[in-house]
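The primary structure of each chain is shown beneath.
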Amino acid sequence: GGSGFIGRYAARALVEAGYRVRIAVRRPHLAGDVRLAGPPGWIDITQANVRNRMSVERAIEGADAVVNLVGILYEKGPQSFEAAQLGGAQTVAECAAAAGIKRFVQISAIGADEESQSDYARTKALAEKAVRDVIPEAVILRPSIVFGPEDDFFNKFAGMAAHPVSNVAPFLPAIGGGKTKLQPVYAGDVAEAIAAAVSRDDVLGKTYELGGPRTYTFREIYDYICEEVDRKRYALPLPYFIAKPMGLTFGAIWKLPVISTGIFGPPPITGDQVDMLKTDNVVAEDALTLKDLGIDDIESVEAIVPTYLWRYRAYGEFHQKGEA
């Protein structure tokens, strides 16, 4: 998962911490820009698929530590939650254990729960257990919604607010009334947490929940995004009993062979994502956090998000709020 959104930040943080990094990806020819995260020779790219044990064994050969960042937000083709998140984590952990590697970092998610209605959250929890069963010293990191210039969260909703259709129907769907709470965390801080988990001895075998300095409701997030892009949009409450069938329909459509190629981007919403929105995504009161990993200067949404949402304003970066 090193060529993904969080992985690119993690690679940079690990190089800065003095590690040479090997990025294992399914399609190396699409991940060449990951090398820019470090000086020449510090980042290598190798082919591996977590559904292919031999490729994983080859990818981790000679490594001192393994970070599993593989995760999906929706299913398509052979990339199911069971195969990618649960089976993949189990395979990588078993290969690492067989190679004698005890430094293992598993990227999970706040809300991981074996009893969850969401397959995403359920398989994330089962993956944690599978990893700890073979590597008890593994460090589990559970981030909330992760933001940064390449994210698929703030960019997604800002794009919806800026879409021409929104000029006619100025609404953003607020599933469950937009009351779900989130604690967005900056990708750079998650990367620092990964570097700390790889480096420190006092973190072994522990679980950390990673959240930013402030909690928001979904409606507050909408209001903030619309303020930043200077577009008047209104939250349209969408009850779960309406949102769930819509999500199931989109999820089914995006599994069709032509659609699942990725040319249409991610689905607007899936049934599984609707289930996830029924539970708040915030750090538990008794959880170990970023500060317990030695990360005190935590970036806020207000400090980072404006640096990339300007692209959704009517006239770009130099658009002044209030302009037509």
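Located above this text is the structure these notes cover.
Right, let's walk through the structure included here. (Residues numbered from 1 in each chain as written. Predicted model: local features only at pLDDT ≥ 70, side-chain atom pairs only at ≥ 80, totals over all residues. Heavy atoms only, no water.)

**Quick look at the overall build of the protein**
Note the following rule: Secondary structure elements follow DSSP: runs of H or I of four or more residues count as helices, runs of E of two or more count as strands, with numbering from the N terminus. A 1.4 Å probe rolled over the protein chains alone gives each residue an accessible area, and that area as a share of the maximum for its type sets the label: buried under 20%, exposed over 50%, partly exposed in between. Working rule for contacts: check all heavy atoms of both residues, and any pair within 4.5 Å makes them a contact. Residue exposure ignores everything except the shown protein chains as possible cover, and the areas themselves are Shrake-Rupley values with a 1.4 Å probe. Positive charges come from Lys and Arg, negative ones from Asp and Glu, while His and the chain ends are left out of the count. Positions of charges follow a simple convention, taking NZ of Lys, CZ of Arg, CG of Asp or CD of Glu.
Scanning the protein from terminus to terminus reveals 12 helices and 12 strands. Each of the 324 residues in the protein was classed as buried or not, and the buried ones make up 48%. Considering only contacts in the protein between residues 6 or more positions apart, those separated by 24 or more positions represent 75%. About 15600 Å² of surface is accessible on the protein, with carbon and sulfur atoms providing 55% of the total. Looking at charge distribution, the protein has the averaged site of its 35 positive side-chain charges lying 5 Å from that of its 41 negative ones.

**Details of the pairing of strand β5 (residues 139-143)**
Rules: By this definition, two strands are paired if DSSP reports at least two bridges between them. Clockwise travel from the first strand over the helix to the second, with the strands pointing away from the viewer, marks a crossover as right-handed.
Among the five residues that make up β5, five are buried, leaving the element largely enclosed by the rest of the structure. Across the two faces of β5 the burial is the same, with Val139, Leu141 and Pro143 and Ile140 and Arg142 all buried. Relative to β5, strand β4 (residues 103-107) is paired through three bridges, and the arrangement is parallel. Residue pairing in the sheet places Val105 in a bridge with Val139 of β5. As a crossover connection, the stretch from β4 through helix α4 (residues 119-134) into β5 is right-handed.

**Here's the deal with the nonpolar core**
Our working definition: We call a set of buried residues a nonpolar core when its members are Ala, Val, Leu, Ile, Met, Phe, Trp, Tyr or Cys and they connect through side-chain atoms within 4.5 Å of each other.
Residues Leu141, Phe154, Leu293 and Leu309 are the most contacted members of the largest nonpolar core, which totals 67 residues. The element contributing the most residues to this core is helix α7 (residues 187-199), with nine residues. Not counting residues up to four positions away in its chain, the partners in contact with Leu293 are Leu141, Ala193, Ala196, Arg200, Val203, Tyr208 and Leu210. Counting 21 residues, the second-largest nonpolar core is a separate cluster that includes Val50, Val92, Ala96 and Ala109.

**Looking at the sheet that holds β5**
The condition is simple: Axes, fitted as lines to C-alpha atoms, cover a helix only where it is in contact. Angles between the N-to-C directions of the axes lie from 0 to 180 degrees.
The four strands lie next to each other as β3-β4-β5-β10, forming an open sheet whose pairing is parallel. Of all strands in the sheet, those bounded by a partner on one side alone are β3 (65-68) and β10 (207-210). Neighbour-to-neighbour, the strand axes of the sheet open up by a mean angle of 15°, direction not taken into account. When β5 meets β10, the two strands line up parallel, connected through four bridges.

**Topic: the packing of aromatic side chains**
How we decide: Aromatic pairing here means that ring centres of Phe, Tyr or Trp (its six-membered ring) are within 6.5 Å. Orientation follows from the plane angle: under 30 degrees is stacked, over 60 is edge-to-face, and everything else is tilted. Counting as a charge over the ring demands two things of the Lys NZ or Arg CZ atom: a distance within 6 Å of the ring centre and an angle within 35 degrees of the ring normal.
This structure, assessed with the given rule, holds 12 aromatic pairs. On the numbers, 5.8 Å between centres and 65° between planes, the contact of Phe153 with Phe218 is edge-to-face. Here Phe218 lies in helix α8 (residues 218-229) and Phe153 lies in the loop between β6 (146-147) and α5 (154-162), a separation of 65 residues in the sequence. On the basis of an interplanar angle of 65° and a centroid distance of 5.3 Å, the ring pair of Phe157 and Tyr222 is categorised as edge-to-face. A residue pair is termed long-range when its members are at least 10 positions apart, and Phe157 in helix α5 and Tyr222 in helix α8 qualify at 65 residues. Phe157 gets classed as buried once you look at its relative accessible area, which sits at 9%. Lying across the ring of Tyr9, Arg12 places its NZ or CZ 5.7 Å from the centre. The aromatic ring of Tyr240 is capped on one face by Lys278, whose charged end is 5.7 Å from the ring centroid.

**Re the packing of helix α2 (residues 53-60) against helix α3 (residues 81-98)**
Two quantities define a packed helix pair, namely the angle between the helix axes and the distance between the axes. The condition is simple: By the definition adopted for this analysis, an angle is roughly parallel if under 35 degrees, roughly antiparallel if over 145, roughly perpendicular if from 65 to 115, and oblique otherwise. Rotating anticlockwise by less than a right angle from the far helix to the near helix defines a left-handed crossing, while the corresponding clockwise rotation defines a right-handed one. By the convention adopted, Pro, Cys, Tyr, Trp, Phe, Met, Ile, Leu, Val and Ala count as nonpolar, Lys, Arg, Asp and Glu as charged, and the other residues, Gly among them, as polar.
As a packed pair, α2 and α3 sit with axes 9 Å apart at the nearest point and diverge in direction by 50°. Here α3 runs oblique to α2, going by the angle between their axes. When the axes of α2 and α3 are compared, the crossing they make is right-handed. Of the residues in α3, those touching α2 at Arg53, Val56, Glu57 and Ile60 are Thr91, Val92, Glu94, Cys95 and Ala96. Tallied by class, residues from the contact of α2 with α3 come to five nonpolar, one polar and three charged.

**Describing the pattern of salt bridges**
Close approach of charged atoms allows side chains of opposite charge to pair. Put simply, the rule is: What counts as a salt bridge is simple: a side-chain nitrogen of Lys or Arg found within 4 Å of a carboxyl oxygen of Asp or Glu.
According to the stated counting rule, one finds 16 salt bridges in the structure shown. The residue Glu75 makes a salt bridge to Lys255 at a minimum N-O spacing of 3.4 Å. On the criterion of sequence distance, the pair formed by Glu75 in the loop between β3 and α3 and Lys255 in the loop between α9 (240-253) and α10 (271-276) is long-range, its members being 180 residues apart. Owing to a relative accessible area of 21%, Glu75 belongs among the partly exposed residues under this scheme. A salt bridge links Arg142 to Glu209; the nearest nitrogen and oxygen atoms lie 3.3 Å apart. Of the two residues, Arg142 sits in strand β5 while Glu209 sits in strand β10, which places them 67 residues apart along the sequence. Accessibility expressed as a relative area gives 10% for Glu209, which makes it buried. A network of salt bridges, in which partner residues are shared, links Glu82, Asp119 and Arg122.

**Overview of the side chain of Gln79**
What counts here: N or O atoms closer than or at 3.5 Å make up a polar contact, with two conditions inside protein: a donor-capable atom paired with an acceptor-capable one, and, for residues adjacent in sequence, both atoms drawn from side chains.
Relative to the elements of secondary structure, Gln79 occurs in the loop between β3 and α3. Side chain to side chain, Gln79 and Arg51 meet in a polar contact 3.0 Å long. Contact partners of Gln79, with chain neighbours within four places excluded, come to Arg26, Arg51, Ile72, Tyr74 and Ala84.

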